[in-house]
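Residue strings, one per chain:
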Amino acid sequence: MEISSKVKLNNGLEMPWLGLGVFLSKDGTEVENAVKTALENGYISIDTATIYQNERGVGTAINESGIPREEIFLTSKVWNSDQGYQTTLAAFDESLEKLQTSYLDLYLIHWPKGKRSVETWKALEELYGKGKIKAIGVSNFLVHHLEDFLPECKIIPAVNQVEFHPELIQPELLQYCQNRNIQLEAWSPIMKGKVNDIPLMKDLSTKYGKTPVQIVLRWDIQKGVVTIPKSVTRERIISNADIFDFELNDKDIAKIDRLDQNKRIGPHPDYISF
Ligand code: NDP
């Protein structure tokens, strides 16, 4: 495995196991430098969203990187207030314009919004059919959301991007998605840096000669979960991708699994106020 290694999604598209997250990376120089640093150091996947308000900077950095667009895997997400059929089509066009591209690799429904998400999905299915998105998916969908949603879908989501880290593993959701060939993707994978404070991670860090962050990102991939750590710090962007030269053994994976406390650092999808 290497930084450009990919997993095949349920429609045959290949998605890199590792990407750069850009939530809270400021539009302009900050996000542009982060994306350029990532691309210069082997990342080929970038995860943004309309609500991050940095799509323009992401697009500029990709264009200026000199890397052909088709070698990059670009994800964005439709925001809650844009959900619905027509509004999603309009929001998608706006994202393409800001990202300065003619297509997206992956477009996600950012949060579940009941029946409105079914209308949103119809728009995504249409855009997918026209070839403007290579894969479509959801984010923050729990099992009960998927149970309601999947019977309404002509196309099964390729990806479900959810909060996932050692203190929030949601094994039932992971199993549910794996059984249906929906790729799970981890947001806040390193708990905003707090995995550095977990004693087990410090022990494993010494054992494997890797940082706690690298241990956790490697654990993601070995569990079959795509991961997208965010950083705007050059050294961290580089170090977060240095996870392809070692392997955790099964016992240590099980030890990390036992850290699960079903504890969120972000909002619970059933109780969002936005
Ligand atoms: P992460 O767990 O990726 O943590 C990011 C934070 O950790 C930043 O403050 C960063 O600081 C810091 N950091 C990065 N690398 C290191 C390191 N090696 N050592 C110590 N600290 C480090 O959290 P995010 O919430 O950003 O999640 C990742 C991505 O997931 C997002 O950027 C976004 O793309 C996506 N996401 C999706 C959501 C959804 O609803 N679908 C919700 C939230 C996130 P610095 O930048 O200063 O280096």
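Nothing here was measured: the structure is a model prediction, and the numbers come from that model. Think of each chain on its own: its residues are numbered from 1, step by step along the sequence as written. Owing to the predicted nature of the model, reporting of local features is limited to residues with pLDDT of at least 70; listing and counting of side-chain atom pairs is limited to 80 or more, with chain, interface and lining totals taken over all residues. As a convention, hydrogens and water are excluded, and side-chain values are obtained from all of the structure's heavy atoms.

### Brief notes about the site of the ligand
Here, proximity means that at least one heavy atom of the residue falls within 4 Å of the molecule or strand. Taken together, the neighbourhood of the ligand is formed by 28 residues, with Asp47, Ser188, Lys230, Ser231 and Thr233 sitting nearest. One of the backbone nitrogen or oxygen atoms of Ile190 is found 3.0 Å away from an oxygen atom of the ligand. Within the side chain of Arg236, one N or O atom sits 2.8 Å away from an oxygen atom of the ligand. Exposure was quantified through the Shrake-Rupley algorithm and a 1.4 Å probe, taking into account, for residues, occlusion by the shown protein chains and nothing else. Computed on the free molecule, the ligand has an accessible area of 910 Å², of which 88% lies beneath the protein chains in the complex. Grid spacing is 1 Å over the protein atoms alone, the probe is 1.4 Å, and a cavity is where that probe fits but cannot get out, while a pocket is an open set with protein on both sides within 12 Å along at least five of seven lines and lining residues have an atom within 4 Å of a point. Molecule-in-pocket calls rest on the fraction of atoms, with more than half required to lie within 2 Å of the cavity or pocket grid points. Most atoms of the ligand, that is more than half of them, are within 2 Å of grid points of the largest pocket. Side-chain classes follow a simple rule in which Ala, Val, Leu, Ile, Met, Phe, Trp, Tyr, Cys and Pro form the nonpolar group, Asp, Glu, Lys and Arg form the charged group, and the remainder, Gly included, forms the polar group. Class assignment of the residues belonging to the shell around the ligand gives a composition of 12 nonpolar, 11 polar and five charged. Under this definition, polar contacts are N or O atom pairs within 3.5 Å; protein pairs additionally need one hydrogen-donor-capable and one acceptor-capable atom, and for neighbouring residues in sequence, both atoms have to be side-chain atoms.

### Brief notes about the nonpolar core
Leu20, Val35, Val58 and Ile256 are the most contacted members of the largest nonpolar core, which totals 86 residues. Labels follow the DSSP assignment, with helices taken as runs of H or I lasting at least four residues and strands as runs of E lasting at least two, numbered in each case from the N terminus. The dominant element in this core, judged by the number of residues it contributes, is helix α8 (residues 212–222), at six residues. Two residues qualify as a contact provided that any one of their heavy atoms is within 4.5 Å of a heavy atom in the partner residue. If near-sequence neighbours (up to four positions away) are discounted, Val58 is found in contact with Val22, Val31, Val35, Ile46, Thr48, Leu74 and Leu99. What we call a nonpolar core is a set of buried Ala, Val, Leu, Ile, Met, Phe, Trp, Tyr and Cys residues that are connected through their side-chain atoms within 4.5 Å. Accessible area is worked out with a 1.4 Å probe on protein chains only. A residue is then buried under 20% of its type maximum, exposed over 50%, and partly exposed in between.

### With respect to the packing of aromatic side chains
Here a pair means two rings of Phe, Tyr or Trp (six-membered ring of Trp) with centres within 6.5 Å. Their orientation is stacked below 30 degrees between planes, edge-to-face above 60, and tilted elsewhere. The final tally for this structure, using the stated rule, is nine aromatic pairs. Taken together, a centroid distance of 5.7 Å and an interplanar angle of 15° make the contact between Trp79 and Phe274 stacked. One end of the pair, Trp79, is in the loop between β5 (73–78) and α3 (85–99); the other, Phe274, is in the segment after α10 (250–257), and 195 residues separate them in sequence. The partly exposed category is assigned to Phe274, whose relative accessible area is 36%. Here, over-ring charges are defined by two tests on the NZ atom of lysine or the CZ atom of arginine: distance to the ring centre within 6 Å, and angle to the ring normal within 35 degrees. Taking NZ or CZ as reference, Arg180 lies 3.6 Å from the ring centre of Tyr176, over its face. In this structure, Arg218 packs its charged tip against the face of Phe246, placed 5.9 Å from the ring centre.

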